[in-house]
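Letter by letter, the chains look like this.
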Amino acid sequence: MPMYHNGNRELQSLFGSTALADRLEQRLRHSEFTEDDKTFIESLDYFFLATATPVGQPDCSFKGGPVGFVRVPQPDLLVWPDYDGNGMFKSLGNIAVNPSVGLLFIRMGDKPRRLRANGRAVISLDDPLMPDFIGAQAIIRFTPIDIFPNCPRYIPDPATAEPSPYIPNEGEPPVEPKWKSMDMFKDVVPPRKA
């Protein structure tokens, strides 16, 4: 399955980033969780879940729990519990009719990091993993299609209440992220459009 569709490609062409997008896909995209991905995901106590209705209306939800409530039991599987909520079942209802979902894992602070995973989810009401998750009313099983890191440069540091130093400021030159000067990317980074 291609990572980019016509809408992506048209904007990449407009902003001159097609070669960069292709390089990022070639170098960073993967379809199974690595040990590093697993360690990062299982160190967190929240993530964001994007789902959609059968006609594509989006919904985004915060999912939280104790550190390690999201687990990667094998490279092609990620699981998390569904806990009692407001009874609307927006996320799970969407998964029941449209299994395509997106997950965003974020670590804020002095070492910010983001990881995106897109794939397919299913709801299991009698999953064998249920006893491993105190308070779970269901287990969601996620099979990844696209996993890729996402540049963390705009993530603030809540501990210091400081905004990201990469946020554009009037009259100041933009701060470029280090990854843009890495050998594997610098030859395809387009000039910045101000």
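What counts and what doesn't
Numbers given for residues are sequential positions, taken from 1 along each chain in its written order. Under the rules for a predicted model, residues below a pLDDT of 70 receive no local features and side-chain atom pairs below 80 are neither given nor counted, while totals for whole chains, interfaces and linings still include all residues. Only hydrogens and water are set aside; all other atoms, that is, all heavy atoms of the structure, feed into the side-chain values. In this text, helices come from DSSP runs of H or I with a minimum length of four residues, and strands from runs of E with a minimum of two, each type numbered from the N-terminal end. When checking whether two residues touch, look at their non-hydrogen atoms; a contact exists if any pair is within 4.5 Å. Values of accessible area rely on a 1.4 Å probe in the Shrake-Rupley scheme; residue burial ignores everything except the protein chains shown. Charged residues are defined narrowly, with Lys and Arg counted positive, Asp and Glu counted negative, and His plus the chain ends left uncounted. Where a charge lies is defined by one atom per residue type, namely NZ (Lys), CZ (Arg), CG (Asp) and CD (Glu). Residue types Ala, Val, Leu, Ile, Met, Phe, Trp, Tyr and Cys, when buried and joined through side-chain atoms within 4.5 Å, form a set referred to as a nonpolar core. Per-residue accessibility, obtained with a 1.4 Å probe over protein chains only, is compared with the maximum for each type, and a residue is labelled buried under 20%, exposed over 50%, and partly exposed between these values. This arc is taken over the directions from the axis of the helix to the C-beta atoms. Axis geometry follows a simple rule: fit a line to the C-alpha atoms, using only the stretch in contact for helices, then measure angles between N-to-C directions, giving values from 0 to 180 degrees. Convention used here: angles under 35 degrees read as roughly parallel, angles over 145 as roughly antiparallel, angles from 65 to 115 as roughly perpendicular, and any remaining angle as oblique. In the scheme used here, Gly and all other residues not listed as nonpolar or charged are polar, with Ala, Val, Leu, Ile, Met, Phe, Trp, Tyr, Cys and Pro taken as nonpolar and Asp, Glu, Lys and Arg as charged. Two strands pair under a simple rule: DSSP has to find at least two bridges between them. In what follows, salt bridge is the name for a side-chain nitrogen of Lys or Arg lying within 4 Å of a carboxyl oxygen of Asp or Glu.

Undergrad: Tell me about the overall build of the protein, residues and numbers included.
TA: The helix and strand inventory of the protein stands at four helices and seven strands. Counted from the first residue to the last, the protein has its helices and strands arranged as α-α-α-β-β-β-β-α-β-β-β. With the principal axes as the frame, the protein shows a C-alpha extent of 55 × 40 × 30 Å. When contacts within the protein are restricted to residue pairs at least 6 apart in sequence, those whose partners lie at least 24 apart make up 60%. Accessible surface for the protein amounts to roughly 11700 Å². Of this, 56% is attributable to carbon and sulfur atoms. Between the averaged position of the 21 positive side-chain charges in the protein and that of its 25 negative side-chain charges there is a distance of 5 Å.

Undergrad: Before we move on, could you go through the nonpolar core and cite the residues and values that matter?
TA: Counting 22 residues, the largest nonpolar core has L78, W80, L103 and F105 as the members making the most contacts within it. For this core, the secondary-structure elements that each account for two or more residues are α3 (35–42), β1 (46–52), β4 (77–82), α4 (90–97), β5 (100–107), β6 (113–124) and β7 (138–150). Those residues within four positions of W80 in sequence are excluded, and the remaining contacts are F47, L49, F69, V70, L103, A138, I139, I140 and F142. L77, V79, F133 and I139 belong to the second-largest nonpolar core, a separate cluster that totals six residues.

Undergrad: I'd like a rundown of the environment of R192, residues and numbers included.
TA: You can see R192 is positioned in the segment after β7. Sequence-wise, R192 and F15 are 177 residues apart; in three dimensions their C-alpha atoms are separated by 8.7 Å.

Undergrad: Quick rundown of α3? Include the residues and the values.
TA: Along α3, the residues classified as buried are D37, F40 and I41. Buried residues in α3, looked at end-on, bunch into an arc of 95 degrees, giving them a common side. In α3, the exposed residues that point more than 90 degrees away from the buried face are E35 and T39.

Undergrad: Any details on the environment of R153? Residues and values, ideally.
TA: Looking at the element boundaries, R153 is found in the segment after β7. Spatially, the C-alpha atom of R153 lies 29 Å from that of A121, the residues being 32 residues apart in sequence. The residues contacting R153, other than those within four sequence positions of it, are S164, Y166, E176, P177, K180 and R192.

Undergrad: Go over the packing of helix α1 (residues 6–15) against helix α2 (residues 18–28), please, and point to the residues and values.
TA: Running from N to C, α1 and α2 cross one another at 125 degrees; their axes reach a closest spacing of 7 Å. As summarised for this structure, α1 and α2 are arranged oblique, according to the angle between their axes. Contacts between α1 and α2 involve R9, Q12 and S13 from the former and T18, A21 and D22 from the latter. Taken together, the residues of the contact of α1 with α2 sort by class into one nonpolar, three polar and two charged.

Undergrad: Before we move on, can you summarise the pairing of strand β3 (residues 71–74) with the specific residues and values?
TA: Relative to β4, β3 runs antiparallel, the two sharing two bridges. Bridge assignment links Q74 to a residue of β4, and that residue is L77. Connecting β3 to the antiparallel partner β4 that follows it, the hairpin turn spans two residues.

Undergrad: A description of unusual backbone geometry should follow, citing residues and the corresponding values.
TA: One non-glycine residue, F89, lies in positive phi territory at about 55 degrees. Its location among the elements puts F89 in the loop between β4 and α4. Classification of F89 by relative accessible area gives partly exposed; the value is 45%. Positive phi, normally seen in glycine, also occurs at A161, with a value near 60 degrees.

Undergrad: How would you explain the side chain of K63 if you had to name every residue and give the values?
TA: Tracing the chain through its elements places K63 in strand β2 (residues 58–64). Within the buried core, K63 has no salt-bridge partner, and the shortest N-O distance to an opposite charge, that of D82, equals 4.5 Å. For K63, the contacting residues outside a window of four places in its chain are D45, Y46, F47, L49, F69 and S91.

Undergrad: Kindly report on the sheet that holds β5, identifying the contributing residues and their values.
TA: Pairing within the open sheet is antiparallel, and its seven strands lie in the order β2-β1-β5-β6-β7-β4-β3. The strands lining the two open edges of the sheet, one partner per strand, are β2 and β3. Ignoring which end each strand starts from, the neighbouring axes of this sheet average 35 degrees apart. Here five bridges tie β4 to β7, and the two strands are oriented antiparallel to one another. When the bridges of β7 are listed, D82 appears paired with A138. Against the sheet, α4 makes contact with β1, β2, β4, β5, β6 and β7, and its axis sits at roughly 50 degrees relative to β1, the strand it touches most.

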